[in-house]
Amino acid sequence: MAKVRIDYACTSCGFSSPKWLGRCPDCGKWGSIVEEVAPAEPKYRVAVDAFPASKPVRLTEVSGSAEVRAKTGIGEFDRVMGGGVVPSSATLIGGDPGIGKSTILLQAAKGLAREGKPVLYVSGEESEAQVKLRAARLGVDEKEIYLLSETSVERVMAIAAEMAPSALLIDSIQTMFTSDLPGAPGSVGQVRECAGRLVFFGKKAGMSVFLVGHVTKEGTIAGPRVLEHLVDTVLYFEGEKGHPYRILKAVKNRFGSTNEIGVFEMRSSGLAEVADPSGLFLSERGEDASGTVVFPAIEGTRPLLVEVQALASQSFLAMPRRTTLGADTNRVILLCAILERKAGLSLYNQDVFVNVAGGIELDETAADLAILCSVASSFKDQVIPAGTAAFGEVGLGGEVRAVPMAEPRLNEAARMGFTRVILPASNAERLSSKYPLTLVPVRHIKEALAQAWKK
Ligand SMILES: Nc1ncnc2c1ncn2[C@@H]1O[C@H](COP(=O)(O)OP(=O)(O)OP(=O)(O)O)[C@@H](O)[C@H]1O
Ligand SMILES: [Mg+2]
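Okay, so let's go over this structure. For clarity, every value in this text was computed on a predicted model and none was experimentally measured.

## Points about the pattern of salt bridges
- Summed over the entire model, instances satisfying the criterion amount to 18 salt bridges.
- A salt bridge links R409 to E364; the shortest N-O distance between them is 2.8 Å. Of this pair, R409 sits in helix α11 (residues 406-415) while E364 sits in the loop between β16 (350-356) and α10 (368-380), and the two are 45 residues apart along the sequence.
- You can call E364 partly exposed: its relative accessible area is 21%.
- In this structure, R415 engages E412 in a salt bridge whose closest nitrogen and oxygen atoms are separated by 3.1 Å.

## A word on the nonpolar core
- Membership of the largest hydrophobic core comes to 63 residues, with the highest contact counts inside it found for F295, V354, I360, L362 and I371.
- For this core, the element with the highest residue contribution is α10, accounting for 7 residues.
- Aside from chain neighbours lying at most four places away, what touches I371 is V308, A327, V332, L335 and V354.

## Topic: the packing of helix α3 (residues 101-113) against helix α4 (residues 128-138)
- Interaxial distance between α3 and α4 falls to 10 Å at its minimum, and their mutual angle equals 70 degrees. If you check the angle between α3 and α4, you find them roughly perpendicular. Between α3 and α4 the crossing geometry is right-handed. For the pair α3 and α4, contact is made by S102, T103, L106 and Q107 and by V131, R134, A135 and L138, respectively.

## Focus: the side chain of S374
- Topologically, S374 is positioned in helix α10.
- Note on S374: relative accessible area 0%, which makes it buried.

## Remarks on the site of ligand 1
- As a structural note, the neighbourhood of ligand 1 is formed by 16 residues, with G98, K101, S102, T103 and R134 the closest of them.
- Side-chain polar atom of R134 to an oxygen atom of ligand 1: 2.9 Å apart, as the coordinates give it.
- Its free accessible area being 640 Å², ligand 1 has 64% of it covered by the protein chains.
- Listed by contribution, the elements that provide at least two residues to the shell around ligand 1 are α3, α4 and β11 (261-267).
- Take the shell around ligand 1: its biggest share by element is 3 residues, from α3.

## Re the packing of aromatic side chains
- As enumerated under the stated definition, the model contains 2 aromatic pairs in all.
- Judged by centre distance (6.4 Å) and plane angle (35 degrees), the rings of F77 and F210 are tilted. Linking F77 in helix α2 (residues 75-80) with F210 in strand β8 (residues 208-214), this pair joins segments that are 133 residues apart in sequence. For the pair F77 and F210, one class covers both residues: buried.
- On the numbers, 6.2 Å between centres and 75 degrees between planes, the contact of F237 with F264 is edge-to-face. Here F264 lies in strand β11 and F237 lies in strand β9 (residues 233-239), a separation of 27 residues in the sequence.
- In this structure F237 comes out as buried when scored by relative accessible area, which is 1%.

## Topic: the environment of V352
- The residue V352 is located in strand β16 in this model.
- Residues in contact with V352, not counting those within four places in the same chain, are L311, A312, R321, R322, T323, C336, L347 and V375.

## Here we look at the state of the cysteines
- Within this structure, the stated rule accounts for 0 disulfides.
- Take C373: it sits in no disulfide, and the sulfur closest to it among the cysteines is that of C336, at 13 Å.

Conventions we followed
Position numbers for residues start from 1 in each chain and track the written sequence from start to end. Note on labels: chains are lettered from A, ligands numbered from 1, in written order. Since the coordinates come from a predicted model, pLDDT governs what is reported: local features require at least 70, and pairs of side-chain atoms require 80 or more to be given and counted, while whole-chain, interface and lining totals use all residues. Side-chain descriptors were evaluated using all non-hydrogen atoms of the structure, hydrogens and water having been removed beforehand. By salt bridge we mean one thing: a side-chain nitrogen of Lys or Arg within 4 Å of a carboxyl oxygen of Asp or Glu. Only DSSP runs of H or I reaching four residues or more are called helices, and only runs of E reaching two or more are called strands; each is numbered from the N terminus. Remark: exposure states derive from per-residue accessible area (1.4 Å probe, protein chains only) relative to the maximum for the residue type, with buried under 20%, exposed over 50%, and partly exposed in between. Nonpolar core, defined: a set of buried Ala, Val, Leu, Ile, Met, Phe, Trp, Tyr and Cys residues in which side-chain atoms within 4.5 Å join the residues together. Any pair of residues with heavy atoms lying within 4.5 Å of one another is described as a contacting pair. Angular values range over 0 to 180 degrees, each being the angle between N-to-C directions of two axes fitted as lines to C-alpha atoms, with helices fitted over their stretch in contact. Orientation categories follow fixed angle ranges, with anything under 35 degrees roughly parallel, anything over 145 roughly antiparallel, 65 to 115 roughly perpendicular, and all other angles oblique. The sense of a crossing depends on the near helix, which, turned anticlockwise from the far helix by less than a right angle, makes the crossing left-handed and, turned clockwise, makes it right-handed. Distances are taken per atom, and a residue is near a molecule or strand as soon as one of its heavy atoms is within 4 Å of it. Any pair of nitrogen or oxygen atoms within 3.5 Å is treated as a polar contact; in protein, a donor-acceptor pairing is required on top of that, and neighbouring residues in sequence qualify only through side-chain atoms on both sides. All accessible-area figures derive from a Shrake-Rupley calculation using a 1.4 Å probe, and residue coverage is judged against the displayed protein chains alone. Any two rings among Phe, Tyr and Trp, with Trp reduced to its six-membered ring, count as a pair given centres within 6.5 Å; such a pair is stacked if its planes are under 30 degrees apart, edge-to-face if over 60, and tilted if neither. Throughout, a disulfide means two cysteine sulfur atoms within 2.5 Å of one another.

Laid out in structure tokens, this is it:
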């Protein structure tokens, strides 16, 4: 027999609670909370029962094994997704308020609608007229895009089940609610439950689901981290205040690489792809300043040149500071210690600041040599020539070790007009082709520093 669940709700404001309270915490009224018998069978079962029960199937007999990804037509977006949108997949797009989540979703809808099947864009935050206003600005006028201003998950699923769109876009998951659960939209329980139901529904009904999630002050997608486990792909949309550039990162991807990034520029006509991000990240580079060197990074499958900047200045603190932006602080502390012991630089009374320009996060050990060279350059006030790039991992003995993907890094440096690259000797020995660059192979950081400021 089904259990009868008892909930309590406020007769004045509708606040619901799992236990009885004398005073409603929401509207402040006394004695307004009354007993309410919750439905024994949650309503969403209806949605689940709409699909036949699953049966075990042989792996070899599962149909649709050939991967057919839907393209949004936004090259950078498709690449970050791992080559397009996998049918029936669930994607979460997180980002700060106003960063452009609705914009990219609408632009993606345009591409998906071009395949001929309907795309359902559900907005819980804006009216149809407001979405239309944005769509007109972005030049999105596909007939197959349907707008729905709705916040009830049950109604959204009922409409989607009838319409059978190829993609269901929810903007945002924090505005959705289910009447089966107590709590206001945006509360942890509601967000998790609504996301869970929509993802399950999408997989069963064969539509790809996109959820927009707001980011909290702490930087996680509001509601719970569990949301990240529910979906197949988690994308973060980031950008620096005052800059028109936006970076789309895959934090989790069941169908592709997670280091992939896409770079966009926010314009009045929408988000435009930046085809040459290396050029963008180097565009504001000062030519003859000390404490900077370029590092050919690998982001996902793509090389990207970024500028590593360092500043060493005399410290008046008992414990000198090591502050980093875009680089791992522990790694910088380690590199400073190596510089001190193995290259004889007295950094013990220096505050060291390391910054990676353009808001890029470096998580490769291949950045060691570039960070080390820029710190030494700032400390000695020696300029590393502008056409120089450096990469390589540095060990505790001061030895410079080989790193993966040396060739794409060199190709990108050559393409961007760099003339000299300091790299690990063991990488240089294994190169299969010639590059129009002066290669400076090094085995130890002392060799690297001796070569760094040479013209
Ligand atoms: N006319 C315009 N010209 C240029 N940029 C614009 C224009 N209108 C809006 N924008 C840009 O679009 C951004 C808002 O985009 P969007 O509404 O997609 O963000 P969002 O992440 O969905 O925001 P929210 O969290 O409020 O839903 C603004 O911050 C602004 O940078
Ligand atoms: Mg929005």
